[in-house]
Amino acid sequence: MMGAETGALLEARQVIVRFGGLEAVGGLDMAVARGAIHGLIGPNGAGKTTVLNVLTGFIRPTAGRLVFDGEEIGGLNVNGFARRGLARTFQNIRLFGAMTVLESVLVGAHQRFSASAPALIFGARTARAAERAMIARAHELLAFVGLGRDVADRVATTLSYGHQRRVEIARALMSSPKLLLLDEPLAGMNALEKQEIADLVRQVRAQGITVLLIEHDMQIVRSLCDHLTVLEYGKLLADGEPEQVLADPAVQAAYLGRAR
Amino acid sequence: MDYFGQLLANGLVLGAIYALTAVAFTLVYGVVRLVNFAFGELFMLGAFLTTSLMLPEVRLFGTVVPMPGFPLPIAALGAIVITGVIGVVVDRIAYRPLRNAPRLAPLITSIAVSVVLQSLAQTIWGAEELRFPQFYLATLEPVVLFDSIYLSVMDLVVMATAVVAMLGLSLFIARSSLGRAMRASAEDQTAAMLVGIPVNRVVAAAFAIGSGFAALAGLLYAQTYGFAHSSMGFLPGLKALTAAVLGGIGSVPGAALGGLILGLVEALGAGYLPNGTAWKDAISFVLLVGLLYMRPQGLLGRPELNSAGRGSLLGGASAAGAGWLQAIFARGDALLARGAAAGTPAAFGLLAVAVIVGLMVPSDYWLRILTMVVIYGMLASGLNVIVGFAGLLDLGFVAFWAVGSYLTSILFVLVLKDGYGVAPQEVWWLLYLNLPLAGLLAAGFAVLLGTPTLKLRGDYLAIMTLGFGEIVRVVAINWMDLTNGPMGIRGIPAPNLFGIALGSPRAQFFFALALAVVVVFAVARLVRSYVGRAWVAIREDEEAAEAMGVPTARYKLYAYATSGFVGGFVGVFYAHSQQYISPLNFSLFENILLLMLVVLGGLGTFLGPFVGALIWIVFLQLALDLPFVQAYPETRFALLGVVLIVLMVFRPQGLAASARVGLTMPGARAKEAA
Ligand SMILES: Nc1ncnc2c1ncn2[C@@H]1O[C@H](COP(=O)(O)OP(=O)(O)OP(=O)(O)O)[C@@H](O)[C@H]1O
Ligand SMILES: [Mg+2]
């Protein structure tokens, strides 16, 4: 019932991740539909980040299969995942130190450069044109995520927390991904900023990019996501439409049980 | 059988000494994750202190000083205690401020500490060997086993001491509360801190015990081979580190096992392989490289120790340090930042200054020195690609330089002149062909050596590249047919252009300058593009770089290749400008010196390598006018080491850090602004 024919962009089948004795993910099946904003939720330590790490190649699962855009991707390197069109941000922001915002964002476009070493050394016109085009695109994306031109030449790690998150999103978008995976992009933000980022996510989807996001704020999740997957102790607890999933007593118990 | 037995006995003695030193590396690595390269020097201090305490008088600073003339056990105990204290002091001053710094910082610091200790020892005890005194035990008849194996009583004492020391240490770790605290910190430092283990005290204890073990090994070595010398700790230190890695760094039984294996392999290899004694140093390093390739965690080690810390000396370190020091640098920083912002015009300005200096300087002597500055600046620029931009600590860079120098020397002298009787003037153009050819050869070589290091990170990477560098040096010494061995190659012709000899110091300076323009231009073009951005991304956060689609393994190899190309390219000119090369020109010390120059000037800048080279080489000469330096020339190296340690603590990004390099194509940005 799952598969390319149903229009799923990414599918995980029977994914198991063990850290020593701990089973962080236990036999998870999930599918992210094309064009969706898919929420991955669950209490702290449920295994959400671990799943995202599996989906982006950071962790090779103990068992299980991954199919992305009709292709088996389980055996690839992390950069192979990125090259197929998966881009991500990190729960703990990981921007490159000592790089300016513009340079950091350009790293996201790495796979779109192809000039040879001689072309670079002798300043070939094609190499210059590619660089110019990507710089222009980087400025566009910085504006898109709500950052002014004045921040482009600042060292990224000196920006405010909220701005660093936006730079990370711009960097991920720079590769023109098919799927954008965001690990708690709203964490630590005030209500206004949360709304801004939620709008940003909608705009990203409007450009035809599928989004998978991890989030704890149920209000936002309810209004933003088309589909929810709920994890508890690494196992699938519920999966479906937000209203229906959030009304599920088991889901409510999982959250209430932990909220003490 | 007799021969085998004898080799076995030699191997056991050597193995015992390596094992004791390996314990030092392992203990400290276990609790602070630091490869303290300075243990080789503490080993040497143990030897000198014991020898000195046993003698009735010793020459210190060139004057005869009366000494107590203790018997061996008392002198040994004294030496061990003093060395232990030195180890703790070194940790307190040089390493403790860097506990939370990026991995490269303490690694470079420990290399600097080695240089300081070795230079100081040479200043104090002089450049000659200090003979180990005769004493009672050494005069006893050897013990004969199986009618054929001769073991001196001291050999037995060495082995017994090692066994007792190891057992004592194991008991200490298992039973005493400090030992248990050490083991807990080794398991998980944060957890140890949380349960209230005084981590600083545990680290100090590890340094004290480790240094004591190194001293013990050093004095046993001095006793076995009959001398102490300021550079004696260097090779045994590397071998012991090899042993520690072999056994699995962090594990005490592993260190014992690794030391024993290494001692035996070396002794048996020296005995059985053709021309084995000459190649025995290479054996250990081949073992090291092979092991790191196949099983980086060592025989008994844990794989997670091969992990990359995130961040670099440049990312976010700028605000650290004492206010007064920042104030000193503020002016220069502002100037450099303005220069860097100006970009190309500033570069042309600097070039113009160099040209004017080259035209104005009247003395040949100073022109030669300035040529050296340019050569070392270029070499340091090559090293900077891999260390400064890609963030991979490469201690085998000299090998690429050697490839270039040897290629051109072998072709010009051994093949054409000696082989076919072709006069160098007739083939002057070959030099210009050799420049790119050697660059490509060295780049290929760099990729070859780089490939097995791809799985390795941080400290292990440094150790493996160091192993490669040493292997190349041993090969250069021993492959007589190819390299003329330790005699080196003489009579390399000075550069020549269309029959015009460019041998004069002024011509050579300008030749070097022209090459420097090529090197800096090419490197700058690569760095200021997506390639440089990928390198810096790898340096700052390798995993995140991968996630952005950077094939990090491939880009590391590109960095090796670029660095190798520069090394080979410059090596060609170096040979023609020196007109004589030998394996001594390409020692690990040269590599360390180049590293220090890059760090001094500023990692990851174009200006830094030249600033470092200028300051250091000019200082080397100017200081010679001081009477004190004339008497103790090595103190200059000690000063360089001290400067580096201070820099690592207060300004890890180096002097010229503010000449920050932009990572986008200059032209592309200019258009955009318009
Ligand atoms: N590298 C690792 N090694 C061992 N255990 C790990 C590792 N990474 C995660 N875990 C464990 O796996 C479980 C799931 O962790 P994970 O980070 O995926 O949870 P999460 O749902 O993202 O939680 P949070 O909401 O706090 O971010 C936790 O118990 C965690 O301690
Ligand atoms: Mg998480």
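Conventions adopted
- Residues numbered from 1 in each chain as written.
- Chains lettered and ligands numbered in written order.
- Predicted model: local features only at pLDDT ≥ 70, side-chain atom pairs only at ≥ 80, totals over all residues.
- Heavy atoms only, no water.
- Phe/Tyr/Trp six-rings, centres within 6.5 Å; stacked < 30°, edge-to-face > 60°.
- Helix = DSSP H or I, 4+ residues; strand = E, 2+ residues; numbered from the N terminus.
- Buried < 20%, exposed > 50% of the residue type's maximum accessible area, 1.4 Å probe, protein only.
- Near = heavy atom within 4 Å.
- Polar contact = N/O pair within 3.5 Å; in protein donor to acceptor, adjacent residues only side chain to side chain.
- Areas by Shrake-Rupley, 256 points an atom, 1.4 Å probe, with all protein chains shown as cover.
- Nonpolar A, V, L, I, M, F, W, Y, C, P; charged D, E, K, R; others polar.
- Donors = N, O, S within 2.8 Å, 3.2 Å for Na, K, Ca; no water.
- Pairing = 2+ DSSP bridges.
- Axes fitted to C-alpha atoms, helices over the stretch in contact; angles between N-to-C directions.
- Contact = heavy atoms within 4.5 Å.

1. With respect to the packing of aromatic side chains
Tallied over the entire structure, the rule returns 28 aromatic pairs over all chains. For the ring pair Phe 113 of chain A and Tyr 530 of chain B, a centre distance of 5.1 Å and an interplane angle of 5° mean the geometry is stacked. Residue Phe 113 of chain A is located in the loop between helix H3 (101-107) and helix H4 (117-121), and its partner Tyr 530 of chain B is located in helix H20 (residues 530-540); the two belong to separate chains. The exposure class assigned to Phe 113 of chain A is buried, which follows from its relative accessible area of 9%.

2. Here we look at the site of ligand 1
Residues and elements named next belong to chain A. Taken together, 14 residues lie near ligand 1, and Gly 45, Lys 48, Thr 49, Thr 50 and Gln 91 sit nearest. Between an oxygen atom of ligand 1 and a main-chain N or O atom of Lys 48, the distance comes to 2.8 Å. With the chains in place, 60% of the 640 Å² that ligand 1 exposes on its own is no longer accessible. For the shell around ligand 1, the secondary-structure elements that each account for two or more residues are strand E2 (22-33) and helix H1 (48-55). The leading source of residues in the shell around ligand 1 is H1, at three residues. Classifying every residue of the shell around ligand 1 gives five nonpolar, seven polar and two charged.

3. Some words on the coordination of the magnesium ion (ligand 2)
Residues and elements named next belong to chain A. Ligation of the magnesium ion (ligand 2) by protein atoms is provided by Thr 49 (OG1) and Gln 91 (OE1), these donors lying 1.9 to 2.1 Å from the ion. With Thr 49 in helix H1 and Gln 91 in the loop between strand E6 (86-88) and H3, this residue pair connects regions lying 42 residues apart in the sequence. Residue Thr 49 is classed as partly exposed on the basis of its relative accessible area of 27%. Gln 91 sits in the partly exposed class, given a relative accessible area of 31%.

4. Quick look at the sheet that holds strand E3 (residues 37-41) of chain A
Residues and elements named next belong to chain A. With mixed pairing, six strands are arranged side by side in an open sheet as E6-E7-E8-E3-E9-E10. A single partner strand is all that each edge strand has here, and the edge strands are E6 and strand E10 (235-240). Taking the axes of each pair of neighbouring strands and ignoring which way they run, one obtains an average angle of 20° across the sheet. Note: E3 against strand E8 (residues 210-214), four bridges, orientation parallel.

5. Some thoughts on the sheet that holds strand E1 (residues 8-19) of chain A
Hydrogen bonding along the main chain pairs the strands of a sheet, whether they run parallel or antiparallel. Residue and element names in this part refer to chain A. The strand order across the open sheet formed by four strands is E2-E1-E4-E5, and the pairing between neighbours is antiparallel. The sheet terminates laterally at E2 and strand E5 (71-72), the two strands that pair on one side only. With eight bridges joining them, E1 and E2 adopt antiparallel strand pairing. Residue pairing for E2: Ala 8 is matched across the bridge by Ala 33. With respect to the sheet, H1 is in contact with E1, E2 and strand E4 (63-68), its orientation differing from that of E1 by roughly 120°.

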